[in-house]
Amino acid sequence: MSEITSVEQLEALYGLPGEASTVKELDHVIPEYAAFIEASPFVALATSGPEGLDCSPRGDLAGFVRMHDPRTLMMPDRRGNNRADSLKNIIRDPRVGLLFLVPGSGTTLRVNGRARITTDAALCASLAVEGKPARSVTVVDVDSVYFQCARAIVRSELWNPAKHVDPESLPTPGTILEVTSRKNIDAGTYDKEWPERAKKTMW
């Protein structure tokens, strides 16, 4: 296997980025970028901590990430599995990366910045859904923001219904848990109870 071990080797293979790849990167959110944030119901949040890296999905109603100002974003945290891997990382290393997806659009939006966590009651209440306030809010100070071209989405045909995978062809969460728990968790029981449990913890 031939490995690339230097930036020089990498640049020799790929070349240097063109103007369109560099001029799009800004240190603040312009209205054109804000449009993607406001339309996005899904964000991948990347963090780093002593135990390693984490990339976690964040989903809510479109526009759930609020733009406080062009250099500050606010993302509510809802009920989940209580692992809080991302939040633990942020406390110890504030650097974060966010990737916003908009269903039907090939263009994604990337934001890099530094985050902090707040439980300010008024702010959490202002981000309530179904009458339930956010458990906490991740405040992101924007360092850089830019759009990612559509090639990956186009190649993957992510939004093409004809390419959607039948969930029945994949292992269920209960099946996975039965294996990883060495049968301490019963697959059938877990999967049967999951829909009702999900409703209770959705927000």
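For clarity, every value in this text was computed on a predicted model and none was experimentally measured.

The rules behind the values
Residues numbered from 1 in each chain as written. Predicted model: local features only at pLDDT ≥ 70, side-chain atom pairs only at ≥ 80, totals over all residues. Heavy atoms only, no water. Salt bridge = Lys/Arg side-chain N within 4 Å of Asp/Glu carboxyl O. Helix = DSSP H or I, 4+ residues; strand = E, 2+ residues; numbered from the N terminus. Buried < 20%, exposed > 50% of the residue type's maximum accessible area, 1.4 Å probe, protein only. Core = buried A, V, L, I, M, F, W, Y, C linked by side-chain atoms within 4.5 Å. Contact = heavy atoms within 4.5 Å. Pairing = 2+ DSSP bridges. Axes fitted to C-alpha atoms, helices over the stretch in contact; angles between N-to-C directions. Polar contact = N/O pair within 3.5 Å; in protein donor to acceptor, adjacent residues only side chain to side chain. 1 Å grid on protein atoms, 1.4 Å probe; cavity = no way out; pocket = protein on both sides within 12 Å on 5 of 7 lines; lining within 4 Å. Points joined across faces, edges and corners; volume = space filled by probe spheres on them. Nonpolar A, V, L, I, M, F, W, Y, C, P; charged D, E, K, R; others polar.

Throughout the structure, instances matching the rule amount to 9 salt bridges. A salt bridge links arginine 71 to aspartate 27, with the nearest nitrogen and oxygen atoms 3.3 Å apart. Taken together, the residues arginine 71 in the loop between β3 (66-69) and β4 (72-77) and aspartate 27 in the loop between α2 (19-23) and α3 (31-39) connect sequence positions 44 residues apart. The exposure class of aspartate 27 is partly exposed, given its relative accessible area of 37%. For arginine 78, the salt bridge goes to aspartate 60, with nearest N and O atoms at 2.7 Å. A residue pair is termed long-range when its members are at least 10 positions apart, and arginine 78 in the loop between β4 and α4 (85-92) and aspartate 60 in the loop between β2 (52-59) and β3 qualify at 18 residues.

Ranked by size, the top nonpolar core spans 21 residues in total, and within it Val65, Leu73, Leu98 and Phe100 carry the most contacts. Counting only elements with at least two residues in this core, the list comes to α3, β1 (42-49), β4, β5 (95-101), β6 (108-118) and β7 (136-148). Element by element, the count of residues in this core is highest for β7, at 4 residues. If near-sequence neighbours (up to four positions away) are discounted, phenylalanine 100 is found in contact with Ile37, Ser40, Phe42, Val43, Val65, Leu73, Thr108, Leu109 and Val111. With 7 residues, the next largest nonpolar core counts Leu127, Ala134, Val137 and Val139 among its residues.

The next subject is the sheet that holds β7. The strand order β2-β1-β5-β6-β7-β4-β3 describes an open sheet built from 7 strands, whose pairing is antiparallel. Either end of the sheet is taken by a strand with one partner, and the two such strands are β2 and β3. Between one strand and the next, the sheet's axes are offset by a mean angle of 35 degrees, whatever the strand orientation. The sheet contact formed by β4 and β7 spans 6 bridges and is antiparallel. The residue bridging leucine 73 from the neighbouring strand is valine 140, located in β7.

With that out of the way, let us pick up the side chain of serine 56. Residue placement: serine 56 occurs in strand β2. Looking at serine 56, its side chain comes within polar contact range of the side chain of aspartate 54, at 2.5 Å.

With that out of the way, let us pick up the layout of surface pockets. Left-over empty space is what a probe sized like a water molecule reveals as it rolls over the atoms. Roughly 1,100 Å³ of internal volume is contained in the largest pocket. What lines the largest pocket is a set of 30 residues, among which Pro57, Arg78, Arg79, Gly80 and Asn81 lie closest to the centre. Looking at the lining of the largest pocket, the elements that each hand over two or more residues are β2, β4, α4 and α8 (187-200). The leading source of residues in the lining of the largest pocket is α8, at 5 residues. Of the residues assigned to the lining of the largest pocket, the class counts are 12 nonpolar, 8 polar and 10 charged. By volume, the second largest pocket is sized at about 220 Å³. If you go around the second largest pocket, the residues you meet are Pro17, Ala20, Ser21, Lys24, Arg110, Tyr146, Phe147, Gln148, Cys149 and Arg151.

As a further point, take unusual backbone geometry. Backbone geometry places glutamate 130, a non-glycine residue, at a positive phi of 55 degrees. By the secondary structure assignment, glutamate 130 is in the loop between α5 (121-126) and β7. The exposure class of glutamate 130 is exposed, given its relative accessible area of 65%. At arginine 182, a residue that is not glycine, the phi angle is positive and equals roughly 55 degrees. Relative to the assigned elements, arginine 182 resides in the loop between α7 (173-180) and α8. A relative accessible area of 75% places arginine 182 in the exposed class.

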